[in-house]
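Structural characterization, general
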Amino acid sequence: MITKSFVDTHCHLDGEEFAEDLEQVIARAKEAGVKAIGVPGIDLKSCETVIALCERYPDYCFPMLGLHPEEVRNDWKDVLFAIKHVIKFKVQSSKFKVSAIGEIGLDFYWSREFEEAQLQAFEEQVRWSVELQLPLMIHCRKAQNEMVNILKRYKDDLPGGVFHCFTGNTIEAQELLQFERFVLGIGGVLTFKKSKLSETLKEAVPLDRIVLETDAPYMAPVPMRGQRNEPAFVAYVLRKLAEIYGVDEETVAAKTNANVARIFPSIVNKS
């Protein structure tokens, strides 16, 4: 019997990894207590598959549309134009609403080949957030300084969002938490044996600045590490957070749900 319910704010459920057993994945998520799932797009094609998925599971899967930094290429301006057209069309629809701009951000982990293009694409999508008053789902690797510098320009006007897949240290957490309308997305890395994230959260991050996520099909939490991740596994992240903060799981569920309601009101209000 489910005694608590919670939200997976970031899950690539439209991916081909779930094509063969999507119905079963959704059923397991519901059985585990997942009451809503945020599904981000990363390029024009995936924005279309995200929309199709969320139309298939209305009021359970919620779309986030954007251009991921690793998908920024020479044609990024054309792609961005097309994605914005899709977003604006859906924003105006009475039947289907976009929950966030994302997954967007900066990623210089592997290469800085498209650094300037990434910076421009990210800032353009930040401006969409201000214009449309849609929250952001932000991916950032090896680029926090650049990301923060851009966000500061729009700090007073941004509606909020999530710093997805946060795995940083105390100083990095504090720098991100200066954006008062934003929260940190915490996923399976929290459960990894060598992760220092538990100490960072306990020292620097209050529970009212956290939302749950899986980033499925990637980074499955312990004890499922090595398997394909799926939204039901977000329960293991919740359990670990309860252990870290010394509270029961129902408290973590209630707190993180309240955070989701604050950042993504369209999700919790319909789920």
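Right above here is the structure, for reference.
Below is a short write-up of the structure. (Residues numbered from 1 in each chain as written. Predicted model: local features only at pLDDT ≥ 70, side-chain atom pairs only at ≥ 80, totals over all residues. Heavy atoms only, no water.)

1. Here we look at the overall build of the protein chain
If you tally the helices and strands in the protein chain, you get ten helices and eight strands. Principal-axis analysis of the C-alpha atoms places the extent of the protein chain at approximately 50 × 40 × 35 Å. Every one of the 271 residues in the protein chain was classed for burial, and the buried ones make up 56%. Carbon and sulfur atoms form 49% of the exposed surface of the protein chain, whose accessible area is close to 12400 Å². Here the protein chain holds 33 positive side-chain charges and 40 negative ones, and the gap between their average locations is 3 Å. (Helix = DSSP H or I, 4+ residues; strand = E, 2+ residues; numbered from the N terminus. Buried < 20%, exposed > 50% of the residue type's maximum accessible area, 1.4 Å probe, protein only. Areas by Shrake-Rupley, 256 points an atom, 1.4 Å probe, with all protein chains shown as cover. Lys, Arg positive; Asp, Glu negative; His and termini not counted. Charge placed at Lys NZ, Arg CZ, Asp CG, Glu CD.)

2. Quick word on the sheet that holds strand β7 (residues 182-186)
Within the open sheet, the eight strands sit side by side as β1-β2-β3-β4-β5-β6-β7-β8. Their pairing is parallel. The open sheet has two edge strands with one neighbour each: β1 (6-8) and β8 (210-212). If you compare each strand with its neighbour and ignore which way they point, the axes differ by 30° on average. Note that β1 and strand β2 (residues 34-40) share three bridges and pair parallel. Note on β2: the bridge partner recorded for Phe-6 is Val-34. Sheet strands in contact with helix α9 (residues 249-263) are β1, β2, β6 (161-163), β7 and β8, and its direction is about 100° off that of β8. (Pairing = 2+ DSSP bridges. Axes fitted to C-alpha atoms, helices over the stretch in contact; angles between N-to-C directions. Contact = heavy atoms within 4.5 Å.)

3. Some details on the nonpolar core
Buried together is how nonpolar side chains tend to be arranged in soluble globular proteins. One finds Leu-13, Cys-61 and Leu-151 to be the most contacted residues of the largest nonpolar core, which totals 78 residues. Residue contacts for Cys-61: discarding those within four places in its chain leaves Leu-13, Ile-26, Ile-37, Val-39, Leu-53 and Cys-54. The next biggest cluster of nonpolar side chains, apart from the first, holds 13 residues, and it includes Met-64, Val-162, Val-211 and Val-260. (Core = buried A, V, L, I, M, F, W, Y, C linked by side-chain atoms within 4.5 Å.)

4. A look at the packing of helix α6 (residues 170-177) against helix α7 (residues 197-204)
Axis separation between α6 and α7 bottoms out at 9 Å; the angle between their running directions is 50°. Of the possible angle classes, the one that applies to α6 and α7 is oblique. Crossing hand, α6 versus α7: right-handed. Where α6 approaches α7, its residues Thr-170, Ala-173, Gln-174 and Leu-177 are matched on the opposing element by Thr-200, Glu-203 and Ala-204. Partitioning the contact of α6 with α7 into residue classes produces three nonpolar, three polar and one charged. (Parallel < 35°, antiparallel > 145°, perpendicular 65-115°, else oblique. Left-handed = near helix turned anticlockwise from the far one by under 90°. Nonpolar A, V, L, I, M, F, W, Y, C, P; charged D, E, K, R; others polar.)

5. Some remarks on the pattern of salt bridges
As enumerated under the stated definition, the model contains 18 salt bridges in all. Residue Glu-123 pairs with Arg-153 through a salt bridge whose shortest N-O separation is 2.8 Å. One end of the pair, Glu-123, is in helix α4 (residues 115-132); the other, Arg-153, is in the loop between α5 (144-152) and β6, and 30 residues separate them in sequence. With a relative accessible area of 15%, Glu-123 lands in the buried category. The exposed category is assigned to Arg-153, whose relative accessible area is 53%. Put simply, Asp-21, Arg-28, Arg-228 and Glu-230 are held in one network by salt bridges that share partners. (Salt bridge = Lys/Arg side-chain N within 4 Å of Asp/Glu carboxyl O.)

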